[in-house]
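So the chains spell out like this:
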Amino acid sequence: MMRKHLLSFFLLVISLVCRAHDGENFVASDLFASLQPGDKAALLMVHFGTTHDDTRALTIDAINQKAKEAFKDVELREAWTSRIVMRRLKARGVEKLNPIEALEKLKTDGYTHVLIQSTNIIEGIEMESLRKDVATMKSSFKEIRIGNPLLYTPEDYEAVIAAIIKNGAKEGATLLVGHGTYTPATAQYAMLDYMLKEKGFKDYSVGTIEGYPTFDTMVAQVKANGTKKVLLMPFMFVAGDHAKNDIAGDWKEELEKKGYEVSVFMEGLGQNPDIQKIFIEHARFMAKHKMIDIVDKKKAYAVEKD
């Protein structure tokens, strides 16, 4: 019965994912259909990045290829946002452009319309930084649009849950470990934890390395469930430093000290085909819709245009 329930849930979510962002914050507007003679369009995939070549090939390179296949008639470019990762790669002779550098290159190459899709997990400080970078380059193009991160609407959470439960523990607890953040945006991880349990996945808990829910919060939930067997699963796009050192190292050791039998699912979310699909759908949606500026929205309300 449980398998039947999971399959039904998964099929329902897949039917919803294409409508994941419909609502008052967006209006229909086809970016590529608006191109005029002489205009050129590009898709810029933006990643936090990683120094680990193994997970990069399976996640970043993989979704870049998926994006290239989904947008066949559009130039595909790439940018990374972690200056630390980029600095370390540069020391190894590998150059990666940050978003501003990538946009400047697109401008120099004559591109007029740019669709940006990041592989950020939440609407946190990385998305804030990306949006601010893009704002400084807005006047250089006829139009720039930014697709939303993995978790944005409730439908996104449902789609993500459907994607990850297939790799969850068959017995015991599944512990999803996210990066976390020091801003209120960390509440998005708590929302995921809440929705998992609301959907009936009581043996799933969410923790973060640098935010809330914490390691102790997660352990308290596992203890309350009475299980002694746990599976740690990175809730990050790549399985890099945090996955290998913090999750498979520190967190695993701490749990084992507490008497738990611990295994690790050492894959980044970016390896999951269903997660890749959600990101691509976000890009497709933003190619067909424009986000409404809240300032313009309030101005309209002020003159009774509601």
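Residues numbered from 1 in each chain as written. Predicted model: local features only at pLDDT ≥ 70, side-chain atom pairs only at ≥ 80, totals over all residues. Heavy atoms only, no water.

Going by what an unreviewed UniProt entry lists, the chain is known as Anaerobic cobalt chelatase CbiK and is assigned to Parabacteroides distasonis.

## Observations concerning the sheet that holds strand β6 (residues 173-178)
Strand order in the open sheet formed by four strands is β7-β6-β8-β9, and the pairing between neighbours is parallel. Each edge of the sheet is formed by a strand with only one pairing partner; in this case those strands are β7 (204-208) and β9 (261-264). Each strand of the sheet is rotated relative to its neighbour by a mean of 25°, with strand direction disregarded. Across four bridges, strand β8 (residues 229-234) lies against β9 in parallel orientation. By the bridge assignment, Leu-232 is partnered in β9 with Val-264. On the sheet, helix α10 (residues 241-257) packs against β6, β7, β8 and β9 and is oriented at approximately 165° with respect to β8. (Pairing = 2+ DSSP bridges. Helix = DSSP H or I, 4+ residues; strand = E, 2+ residues; numbered from the N terminus. Axes fitted to C-alpha atoms, helices over the stretch in contact; angles between N-to-C directions. Contact = heavy atoms within 4.5 Å.)

## As for the pattern of salt bridges
As enumerated under the stated definition, the model contains 24 salt bridges in all. A salt bridge links Glu-254 to Lys-257, with the shortest nitrogen-to-oxygen separation between them at 3.6 Å. Of the two residues, Glu-254 and Lys-257 both sit in helix α10, three residues apart, roughly one turn of that helix. Glu-254 sits in the partly exposed class, given a relative accessible area of 34%. The partner of Arg-284 in a salt bridge is Glu-281, with the nearest N and O atoms 3.1 Å apart. With a gap of three residues between them, Arg-284 and Glu-281 both fall in helix α11 (residues 273-288), about one helical turn apart. (Salt bridge = Lys/Arg side-chain N within 4 Å of Asp/Glu carboxyl O. Buried < 20%, exposed > 50% of the residue type's maximum accessible area, 1.4 Å probe, protein only.)

## Remarks on the UniProt feature "active site" (unreviewed entry) in the chain
Mapped onto this numbering, the UniProt entry annotates "active site" (unreviewed entry) at His-179. His-179 gets classed as partly exposed once you look at its relative accessible area, which sits at 30%. If we ignore the near neighbours within four places in the chain, the residues touching His-179 are Tyr-189, Thr-208, Ile-209, Glu-210, Gly-211, Met-236 and His-242. (UniProt positions renumbered as here; feature names shortened; annotations may be inferred.)

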